[in-house]
Amino acid sequence: MNKPIGIFDSGIGGLTVVKELVKLLPKENLVYFGDTARIPYGTRSVKLIKQYALEDAAFLEQFNIKILIIACNTVSAVAVDLLKSALIIPVTGVIEPVVSAALNISKKKRIGVIGTTATINSQAYNKQIHSQESDVLVYGQPCPLLISLVEEGWVDDEITRLTIRKYLEPLLQKEIDTIILGCTHFPVIKELIQDEAGPEITLIDSGQETAKVVKKMLDNMEIEANNKSDGSFKCFVSDIPDKFDEVGTRFLGKPVINAERVDFDNFLIEKGEKIYTPLNLNV
Ligand code: DGL
């Protein structure tokens, strides 16, 4: 089935998930929305993140997508159930896939999670881990500054290294053996994080694990693309497409082709209040 897969994020970071999807599912057509006008989501309230999640999903639904991937960890942490109940197509976030991998890898059953303030405060990773294995110790560490450093392009910079060191210090004292990279931006600085964490700690990347789960979902539902050549990739953003292309190249590991700015405010006005109906379901 050649309908596209929809992917959204608060901005550019979700391209780290796209990168893994393209590797594993090269024939799939992908349509991406990055809400660059309203990033960051990670410092916002749960109520606002849920509203943004419904709006972003509604935008992608216009493209007749066959499956929706919430590439943003923050939205996955607070709004995955809301979107699963609001949409008729299958939806996956990035948390469930990565948790199963972390549980397989951690021998000591002591896992660290790094992410935005909203993700860590939501306790979504702890809840997901404990729903599968109750005796695992989970330590969360918000790392908000790392997002700005990556956006700035300081991916191999001493300031970024020192910031990582400072954030990891309390986690490393807990004798963890696994760290979940619970933010779209962190795969870009994975090497620095690994250097600071030390070789005995395994880092788990949500992009790779999510791509594997998506492949399984498509297989199970028998809706894989049957394109003869590589699938298409279309990118929409709510602001400044040039910067998106420039920074996005760093995330994707290859040039991003012409992200298109959409008039998102106008789209929301046209769609009207019905987008928000699922919020009344109190999910
Ligand atoms: N995409 C967000 C996440 O993965 C990071 C950036 C933001 O705060 O919006 O949590």
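Let me begin by describing the structure that accompanies this report.

So, about the packing of helix α7 (residues 144-151) against helix α8 (residues 158-172). For the pair α7 and α8, interaxial distance at closest approach is 10 Å and the crossing angle is 165°. One finds that α7 runs roughly antiparallel with respect to α8. Judged by the sense of rotation from one axis to the other, the crossing of α7 with α8 is left-handed. Contact residues: P144, L145, L146 and L149 in α7; I159, T160, T163, I164 and Y167 in α8. In terms of residue class, the contact of α7 with α8 is made up of seven nonpolar, two polar and no charged.

Let us now look at the site of the ligand. Near the ligand, the surroundings consist of 14 residues, among which D9, S10, Y41, G42 and T74 are the closest. Within the contact set of the ligand, a nitrogen atom lies 2.8 Å away from a side-chain nitrogen or oxygen of D9. S10 has a polar side-chain atom sitting 2.6 Å from an oxygen atom of the ligand. The fraction of the free accessible surface of the ligand (290 Å²) that becomes covered by protein chains is 99%. Counted by class, the shell around the ligand contains six nonpolar, seven polar and one charged residues.

With that settled, consider the pairing of strand β5 (residues 110-115). For β5, the tally of buried residues reaches five of six residues, placing the bulk of the element in the interior. For β5 and strand β6 (residues 137-142), the ladder comprises six bridges, and the chain directions are parallel. The residue bridging G112 from the neighbouring strand is Y139, located in β6. Here β5 runs beside strand β7 (residues 178-182); their pairing, made up of five bridges, is parallel. Among the inter-strand pairings, V113 is bridged to a residue of β7, identified as I180.

Now for helix α11 (residues 241-252). Turning to α11, its buried residues number three or more, namely P241, F244, D245, V247, G248, F251 and L252. Turning to α11, the residues buried within the fold contact α1 (15-24), β2 (30-34), α7, β9 (233-237) and β10 (260-261).

Now for the packing of aromatic side chains. The full count for this structure, using the stated rule, is ten aromatic pairs. Geometrically, the ring pair formed by Y32 and F244 is tilted, given 6.1 Å between the ring centres and 50° between the ring planes. Pair noted here: Y32 is in strand β2 and F244 is in helix α11, with a separation of 212 residues, a long-range link. For the pair Y32 and F244, a shared accessibility class is recorded, and that class is buried. Between the aromatic rings of F59 and F236, the centroid separation amounts to 5.6 Å while the plane-to-plane angle is 75°, which identifies the pairing as edge-to-face. Of this pair, F59 sits in helix α2 (residues 46-61) while F236 sits in strand β9, and the two are 177 residues apart along the sequence. Three or more aromatic residues link up through ring pairs in this structure, and these residues are F33, F59, F63, F236, F264 and F267. In this structure, R38 packs its charged tip against the face of Y52, placed 3.8 Å from the ring centre. Above the ring of F236, the side-chain terminus of K234 is found at 5.3 Å from the ring centroid.

Reading the values: rules and limits
- Residues numbered from 1 in each chain as written.
- Predicted model: local features only at pLDDT ≥ 70, side-chain atom pairs only at ≥ 80, totals over all residues.
- Heavy atoms only, no water.
- Axes fitted to C-alpha atoms, helices over the stretch in contact; angles between N-to-C directions.
- Helix = DSSP H or I, 4+ residues; strand = E, 2+ residues; numbered from the N terminus.
- Parallel < 35°, antiparallel > 145°, perpendicular 65-115°, else oblique.
- Left-handed = near helix turned anticlockwise from the far one by under 90°.
- Contact = heavy atoms within 4.5 Å.
- Nonpolar A, V, L, I, M, F, W, Y, C, P; charged D, E, K, R; others polar.
- Near = heavy atom within 4 Å.
- Polar contact = N/O pair within 3.5 Å; in protein donor to acceptor, adjacent residues only side chain to side chain.
- Areas by Shrake-Rupley, 256 points an atom, 1.4 Å probe, with all protein chains shown as cover.
- Buried < 20%, exposed > 50% of the residue type's maximum accessible area, 1.4 Å probe, protein only.
- Pairing = 2+ DSSP bridges.
- Phe/Tyr/Trp six-rings, centres within 6.5 Å; stacked < 30°, edge-to-face > 60°.
- Lys NZ or Arg CZ within 6 Å of the ring centre and 35° of its normal.

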